[in-house]
Amino acid sequence: PELFNRLAKEGRDNGCEEIGIFSGSEPLTCSHLESYVSYCKSLGYKYIYISTNGSIGGEKRFEGLIDSGLSSIKFSVNGGTREAYKKVHGVDHYDRVIKNIRHVCDYRKANNIDLFVAISFVEVEGDNGNKGTYENLKKIFTGVVDEICEYKANNQSGQMNKLPLPPFKECD
């Protein structure tokens with residue numbers, strides 16, 4: 001926690017107003033996450049966000065994060081059906097993730113909390129893909145979350161030469 005606190009303070013002291021915690025990895029594996037969010041809030045960060053696959057945390061964990069001052073949470077859900085989700089993610093946590101997203105949205109509404117909730121979906125082609133299932137996910141969550149974005153799998157990291165570079169995309 002000391003390193004995180006020092007870096008967060010240095011960022012804020014140097015004019016940063018937004019902070020993404022654990023971008024690129026699963027933030028809910030961190031037992032200090034709620035305290036990190038609270039600390040960033042106390043420093044005056046205006047926007048504190050995480051991206052998660054949503055399969056680890058339960059209702060109380062998400063409530064704790066929201067109550068700590070989280071501004072935004074994006075769920076990465078790469079399957080619009082249980083079968084497609086399992087193909088892409090390698091595990092069958094589809095119902096758990098859907099339940100967690102619904103709970104987060106219900107909790108913010110019931111408590112009148114200003115929290116931006118989004119879902120990202122990366123379309124993967126081939127036998128282990130999820131092509132054609134985005135519309136189902138969109139049907140489930142339109143009007144429930146604030147934003148749902150679909151992206152085609154791409155060569156974002158430069159390691160997949162057969163895939164194109166990522167294009168800019170507006171979200172729904």
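So, here's what we can say about the structure. Computed from a predicted model, the values in this text were never measured in an experiment.

Considerations on the pairing of strand β3 (residues 72–76)
Sheet analysis places strand β2 (residues 47–52) next to β3, joined by four bridges and oriented parallel. Each residue of the ladder has a partner; that of Ser51, found in β3, is Lys74. For the crossover that starts at β2, traverses helix α3 (residues 59–67) and ends in the parallel β3, the hand is right-handed. Bridge count for β3 against strand β4 (residues 116–123) is five bridges, and the pairing is parallel. Its bridge partner being in β4, Ser72 is matched across the sheet by Phe116.

A look at the environment of Phe62
Inspection of the secondary structure assignment puts Phe62 in helix α3. Along the sequence, Phe62 and Val104 sit 42 residues apart, while their C-alpha atoms lie 6.7 Å from each other. With residues near it in sequence (within four places) discarded, Phe62 still touches Leu28, Thr52, Gly54, Gly57, Ile73, Phe75, Asn100 and Val104.

Quick word on unusual backbone geometry
Positive phi, normally seen in glycine, also occurs at Asn112, with a value near 50°. Using a relative accessible area of 72% as the deciding quantity, one classes Asn112 as exposed.

Some details on the side chain of Ser55
Among the structural elements, Ser55 can be located in the loop between β2 and α3. Not counting the four nearest positions on each side in its chain, Ser55 is found in contact with Tyr85, His93, Arg96 and Val97.

Brief notes about the packing of aromatic side chains
Counted according to the given criterion, the structure contains six aromatic pairs. Plain terms: the ring middles of Phe4 and Tyr36 are 3.9 Å apart, the flat faces sit at 15° to each other, and that makes the pair stacked. With Phe4 in helix α1 (residues 2–13) and Tyr36 in helix α2 (residues 33–43), this pair connects stretches of sequence that are 32 residues apart. Looking at Phe4, the relative accessible area reads 18%, which means it is buried. Among the residues examined, Tyr36 registers a relative accessible area of 7% and is labelled buried. Ring plane angle 50° and centroid distance 5.7 Å describe the contact between Phe62 and Phe75, whose orientation is recorded as tilted.

Details of the nonpolar core
Ile21, Ile73, Phe75, Ile101 and Ile119 are the most contacted members of the largest nonpolar core, which totals 37 residues. Of all the elements in the fold, those that place two or more residues in this core are α1, α2, β2, α3, β3, α5 (94–110), β4 and α6 (134–141). With seven residues, the top contributor of residues to this core is α5. Look past the residues within four positions of Ile119 in its chain and what remains in contact with it is Phe75, Val77, Ile101, Leu137, Phe141, Val145, Glu147, Ile148 and Cys149.

What about α5?
The terminal C-alpha atoms of α5 lie 24 Å apart, and with 17 residues this matches the ideal 24 Å at 1.5 Å per residue to within 8%. Every buried residue of α5 is accounted for by Tyr94, Val97, Ile98, Asn100, Ile101, His103, Val104, Cys105, Tyr107 and Arg108. Next to the buried residues of α5 lie α3, β3, α4 (82–89), β4 and α6. Two residues or fewer past α5, Asn112 is found with a positive phi of approximately 50°.

Reading the values: rules and limits
Residues numbered from 1 in each chain as written. Predicted model: local features only at pLDDT ≥ 70, side-chain atom pairs only at ≥ 80, totals over all residues. Heavy atoms only, no water. Pairing = 2+ DSSP bridges. Helix = DSSP H or I, 4+ residues; strand = E, 2+ residues; numbered from the N terminus. Right-handed = clockwise from strand over helix to strand, strands pointing away. Contact = heavy atoms within 4.5 Å. Buried < 20%, exposed > 50% of the residue type's maximum accessible area, 1.4 Å probe, protein only. Phe/Tyr/Trp six-rings, centres within 6.5 Å; stacked < 30°, edge-to-face > 60°. Core = buried A, V, L, I, M, F, W, Y, C linked by side-chain atoms within 4.5 Å. Expected span 1.5 Å × (residues − 1).

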